[in-house]
2 protein chains.
Amino acid sequence: MCRRLTALILSTALWGAPALAADPLAAWNEGPAKKSIVEFVEKVTANGSRDFVPEPERIAVFDNDGTLWAEQPMYFQFAFALDRVKVLAPQHPEWKDKEPFASLLKGDLKGALAGGEKAIGEIVIATHAGMTTEEFEKIVKDWIATAKHPETKRPYTEMIYQPMHELLAYVRAHGFRTYIVSGGGIEFMRPWTEKVYGVPPEQVIGSTIKTSFEQRDGKFVLFRLPEVDFIDDKTGKPISINKFIGRRPIAAFGNSDGDLEMLQWTTAGEGPRFGLIVHHTDAEREWAYDRQSSIGHLDKALDQAAQRGWTVVSMKTDWKRIFPFGSR
Amino acid sequence: MCRRLTALILSTALWGAPALAADPLAAWNEGPAKKSIVEFVEKVTANGSRDFVPEPERIAVFDNDGTLWAEQPMYFQFAFALDRVKVLAPQHPEWKDKEPFASLLKGDLKGALAGGEKAIGEIVIATHAGMTTEEFEKIVKDWIATAKHPETKRPYTEMIYQPMHELLAYVRAHGFRTYIVSGGGIEFMRPWTEKVYGVPPEQVIGSTIKTSFEQRDGKFVLFRLPEVDFIDDKTGKPISINKFIGRRPIAAFGNSDGDLEMLQWTTAGEGPRFGLIVHHTDAEREWAYDRQSSIGHLDKALDQAAQRGWTVVSMKTDWKRIFPFGSR
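Residues numbered from 1 in each chain as written. Chains lettered and ligands numbered in written order. Predicted model: local features only at pLDDT ≥ 70, side-chain atom pairs only at ≥ 80, totals over all residues. Heavy atoms only, no water.

(A) Just the side chain of Ser207(B), in detail. Residues and elements named next belong to chain B. On the secondary structure map, serine 207 appears in strand β3 (residues 204-216). Note on serine 207: relative accessible area 11%, which makes it buried. Among residues more than four places away in sequence, those in contact with serine 207 are Ser182, Gly183, Gly184, Gly185, Ile186, Phe230, Ile231 and Asp232. (Helix = DSSP H or I, 4+ residues; strand = E, 2+ residues; numbered from the N terminus. Buried < 20%, exposed > 50% of the residue type's maximum accessible area, 1.4 Å probe, protein only. Contact = heavy atoms within 4.5 Å.)

Shown next, in the form of C-alpha cells:
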C-alpha cells in the first residue's frame, strides 16, 4: 500500500513536472510584448496583489480579422460572400447585367469593387439576407468546413494565429472571460468560434442585420432582412461592448484603427488595464501592412499606442510561429 | 482526537440532514405547476436521460416586470421616471407650460398620460438620456436604494416574487444560465439585478437607447442620446435573444402578451422545452389582472398556453407566499 502510494506520488511528480513547466505562451518569443502580457495577468490574478481584479470583472475583448485570424488578401467573410454570389447566380439571371454582380461573375473583382462601399454593401446584403437564421447558420458551417484560403490552400479556420490562440487559453486559465468584438457578422462567426477559439456564441459580438420574427410553414423563425442593423466597428465597438456585456473590459486586443475606440474605452477605465495591437510586420511568414492598407488600416491606433502604453506586437520579432500548421 | 472526529461527523450529519432535505421550491404549493417545473429540470439534467441537455444549452429566459417582480400600480421604471421628473424640474423651467410635464408636476398623472404613448416616450427620454452611462448607473443605484413602493412602502427590490427567486436559484443549481429578457431598460436593470436576482449584467437583455462614444473633459465616455435604439418587447424578445445569446433557450418564463413571442420561439425548438406564464390571480396578496389590464396585458398568451402545453401558474393557488417579506 505504502509502496504503491510512493510510486504514485513519484510518477505524478515525474509526469507533473514537465507539464507544469510547459510554457503556455510557447509561440511567443521572449521579449517585452510577452513580458507585458504575463506581468499584467499575474498582477490582476495574484491573491493579495493591490491590482487584484475579481473574476467576474476579468473581461478581455478581442478583435477577430487580423487579430485572431488573418485578413489578407481579403477579409475572409468577403471571400464567403463572393463564393455565395457564384452559388446564387443561377437564381438571379438579372445579375448578368447588374453591377457589381456582372463583373464578379466574370471574375473581375476589381471592376466589381469600383462601385466602392455601395457595391460591397450590395454584395453583402445579397448573400447574407433572405433566409432564416438557421438556414444561414447551415450555409456558414458548410462553407467554413470546405472553403480554402486562396494562397495557402488551408481551411480558413487554420489561418488563425497560434500565439493568439495560446493567449486566449492562457487568460481563460486565469479566470478571464474572452469575448470576440468584431466588425464581422455576428452570425458569420458564431457557428465556428467555439470550436476554433473556445469562444461560445454568447461571447461573440459583431455586426448585425435586422431580423423579423415570423411564422413560416407553421414554424416560428427569425428571418434575415436586407437591412443593416449595426456596424460593430470603430465607435461601434465600445457601444456594443457596453450593450452586450454591461461591464468595461480590463484588456483589449486589436490590430487596426477599427479597434482604436475599443482600446481607448478599455484602457481608460480605472485600475489595471491592458491594451495590445498586433502589428503585421512579417511579409515572409504572413503579410506586412499598416498605414497605407485599406484592409486592416493601422495608423492612428499605432500612434496612440506609445502615448497610451499599449503593447505593440511585431509579428516578425515577437512571434516564434504564426499559424498552427507548418513549423514557423 | 477520535472522539472529536466522531462528534464532528455527528454534528455534520445532524445539521446536514435537514439542509439536504430542504425543499428548494418551498414557496410553491404542491400541485401541477410545481410538478411540471421539477419534472422538466430533472429530465434535462439526469445523466442517461433521453432528454438530457448539455450545460451550455441550458438557457432559461425570464421576463422581469410581473414575472420576477411586481408591476402594479405602475411599472417600477415608470415610477423612477416620475421621480426623476421632479428632481430635474428646477433645471427645466419650460416644463411648467409643457405637457406631459406640466400635468406631472401638478401631480396629475392621468392628465399627463392623456398624451398616450407619445407622452410616455417624452417622459422616458427626458429622464433616461442626456448623461453618460456611468452617471445613469449612479442615478439608478441611488434611486433603487431609497425609493419605496407607493402601497407597500417597501423598497422595490423587496417587491420580488419569492417563488421565482427560488426558481432562479433552483435551475442555476442544475447548471442553467438564467437571463432576464425584459421590455424594461437594460441599463435600468443591470445596476441591481446581480444583487437582487443573482443575474450578472451580461445576462440582462432589455430595451436600449442609442449611445455615442465621446471624449468629454479628457475622459472617454458613452453618452446616452435621446433616441430609442430597440424596444425589447413582443417580437423584439426572440430577436434580441438571438442577437445577444446566439442560442435558442430551452425554458421561458413570462406573464403577459409581451412575452408571447419569446415563449413561442423558445418552446418551438426541438427537444425538451418549457414555457411558463405567471397569472396574476391574487387580489388579496398581490393584484388580480389579465385580459383587461393595460399593465401586464395577458390575453393571447393565456389562450395559447393550453394549446402549446405551457404551465400557467395561478399566484393564488400555486404560491404559498408571494413576497420575501411578511409571512405569506
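(B) A look at the environment of Gly206(B). Looking at the secondary structure, you find Gly206(B) in strand β3. Separated by 25 residues in the primary sequence, Gly206(B) and Ile231(B) place their C-alpha atoms 7.5 Å from one another.

(C) Examining the sheet that holds strand β7 (residues 311-314) of chain A more closely. All names here are of chain A. If you walk across this open sheet you meet the seven strands as β4-β3-β2-β1-β5-β6-β7, and the pairing is mixed. Looking along the sheet, the strands with just one partner apiece sit at the ends: β4 (219-230) and β7. Across this sheet, the average inter-strand angle for adjacent strands is 30°, counted without regard to direction. When strand β2 (residues 177-185) meets strand β3 (residues 204-216), the two strands line up parallel, connected through three bridges. Counted as the bridge partner of glycine 185 is serine 207 from β3. Packing of helix α11 (residues 260-267) onto the sheet brings it into contact with β1 (59-62), β2, β5 (251-254) and β6 (274-279), and relative to β6 it is tilted by some 155°. (Pairing = 2+ DSSP bridges. Axes fitted to C-alpha atoms, helices over the stretch in contact; angles between N-to-C directions.)

(D) Structural context of the interface of chain B and chain A. Of the residues lining the interface, 35 residues belong to chain B; the matching set on chain A comes to 34 residues. Regarding the contact of chain B and chain A, the summed buried area is about 2,900 Å², with carbon and sulfur atoms giving 54% of it. Together, Phe213(B), Phe220(B) and Lys243(B) form the three largest contributors to the area buried by chain B at its contact with chain A, with a combined 24%. Here chain B is connected to chain A by ten salt bridges. Residue Glu202(A) is joined to Arg247(B) by a salt bridge in which the shortest nitrogen-to-oxygen separation is 2.9 Å. Linking chain B to chain A there are 18 residue pairs in polar contact (both at pLDDT 80 or more). Those elements giving two or more residues to the side of chain B that touches chain A turn out to be α7 (133-146), β2 (177-185), α9 (186-197), β3, β4 (219-230), α10 (236-244) and α11 (260-267) of chain B. Of the residues that constitute the side of chain B that touches chain A, the class distribution is 14 nonpolar, nine polar and twelve charged. (Buried area = accessible area lost by both parts, 1.4 Å probe. Salt bridge = Lys/Arg side-chain N within 4 Å of Asp/Glu carboxyl O. Polar contact = N/O pair within 3.5 Å; in protein donor to acceptor, adjacent residues only side chain to side chain. Nonpolar A, V, L, I, M, F, W, Y, C, P; charged D, E, K, R; others polar.)

(E) Representation of the side chain of Ser212(B). Tracing the backbone shows Ser212(B) in strand β3. Side-chain polar atoms of Ser212(B) contact the side chain of Glu214(B), separated by 2.5 Å. Aside from chain neighbours lying at most four places away, what touches Ser212(B) is Ile239(A), Val221(B), Leu222(B), Phe223(B) and Leu225(B).

(F) Layout of the sheet that holds strand β1 (residues 59-62) of chain B. The sheet built from seven strands is open, its strands ordered β4-β3-β2-β1-β5-β6-β7 (chain B) with mixed pairing. Looking at the sheet topology across the chains shown, the edges are occupied by β4 and β7 (311-314) of chain B. In this sheet, neighbouring strand axes are inclined to one another by 30° on average, regardless of whether the strands run parallel or antiparallel. Pairing geometry for β1(B) and β2(B), over four bridges, is parallel. Across the sheet, the residue bridging to Ala60(B) is Thr178(B), located in β2(B). Its contacts with the sheet place α11(A) against β3 and β4 of chain B, and it is angled at close to 115° to β4(B).

(G) Highlighting the packing of aromatic side chains. Residues and elements named next belong to chain A. Per the stated rule, a full pass over the model turns up 43 aromatic pairs over all chains. Ring geometry for tryptophan 69 versus tryptophan 192: centroids 4.5 Å apart, planes at 25°, classification stacked. Here tryptophan 69, found in the loop between β1 and α3 (76-88), pairs with tryptophan 192, found in helix α9 (residues 186-197); they are 123 residues apart in sequence, far enough to count as distant. Residue tryptophan 69 is classed as buried on the basis of its relative accessible area, which comes to 0%. (Phe/Tyr/Trp six-rings, centres within 6.5 Å; stacked < 30°, edge-to-face > 60°.)

(H) Summary view of the relation of the copies chain B and chain A. The transform that puts chain B on chain A rotates by 180° and translates by 0.0 Å along the axis, for an RMSD of 0.0 Å. With respect to symmetry, the two chain copies, as superposed, fit the operation of a two-fold axis. Nearest to the rotation axis, the C-alpha of Phe244(B) is located 3.2 Å from it, this being the minimum over chain B. Comparing contact sets, 97% of the residues at the interface of chain B also lie at the interface in chain A, consistent with an isologous, same-surface contact. (Least-squares fit on C-alpha atoms with pLDDT ≥ 70 in both.)

(I) Spotlight on helix α2 (residues 32-45) of chain B. All names here are of chain B. End to end, α2 covers 20 Å across 14 residues, agreeing with the expected 20 Å (1.5 Å per residue, within 8%). Considered for burial, the residues of α2 that qualify are Ala33, Lys34, Ser36, Ile37, Phe40, Val41, Val44 and Thr45. For α2, the buried positions fall inside an angular range of 165° around the axis, keeping them on one side. Every exposed residue of α2 that faces more than 90 degrees away from the buried side is listed here: Pro32 and Lys35. Buried-residue contacts for α2 involve α8 (162-173), β5 (251-254), β6 (274-279), β7 and α13 (315-318). (Expected span 1.5 Å × (residues − 1). Arc of directions from axis to C-beta.)

(J) Main features of unusual backbone geometry. Going from Glu99(A) to Pro100(A), the amide bond is cis rather than trans, its omega being 5°. Mapped onto the elements, Pro100(A) comes out in the loop between α3 and α4 (101-105). The amide bond that connects Gln72(B) to the next residue, Pro73(B), takes the cis arrangement and shows omega of 0°. Within the secondary structure, Pro73(B) sits in the loop between β1 and α3 (76-88). Here the phi dihedral of Lys153(A) falls at roughly 60°; this positive angle occurs in a residue that is not glycine. Counting through the fold element by element, Lys153(A) comes out in the loop between α7 (133-146) and α8 (162-173). Classification of Lys153(A) by relative accessible area gives exposed; the value is 57%.

(K) Representation of α3(B) in the model. All names here are of chain B. Relative to the 18 Å expected for 13 residues at 1.5 Å per residue, α3 spans 18 Å between its end C-alpha atoms, a close match to the ideal helical length. The complete set of buried residues in α3 reads Phe76, Gln77, Phe78, Ala79, Phe80, Ala81, Leu82, Arg84, Val85 and Leu88. Of the surrounding secondary structure, the elements contacted by the buried residues of α3 are α4 (101-105), α5 (109-113), α6 (116-128), α7, β2 and α9.

(L) Up close: the packing of α3(B) against α7(B). Residues and elements named next belong to chain B. Taken N-terminus to C-terminus, the directions of α3 and α7 make an angle of 105°; their axes are 11 Å apart at the nearest point. Considering the angle they form, α3 stands roughly perpendicular to α7. Contacts between α3 and α7 involve Phe76, Ala79, Phe80, Asp83 and Arg84 from the former and Phe136, Ile139, Val140 and Trp143 from the latter. (Parallel < 35°, antiparallel > 145°, perpendicular 65-115°, else oblique.)

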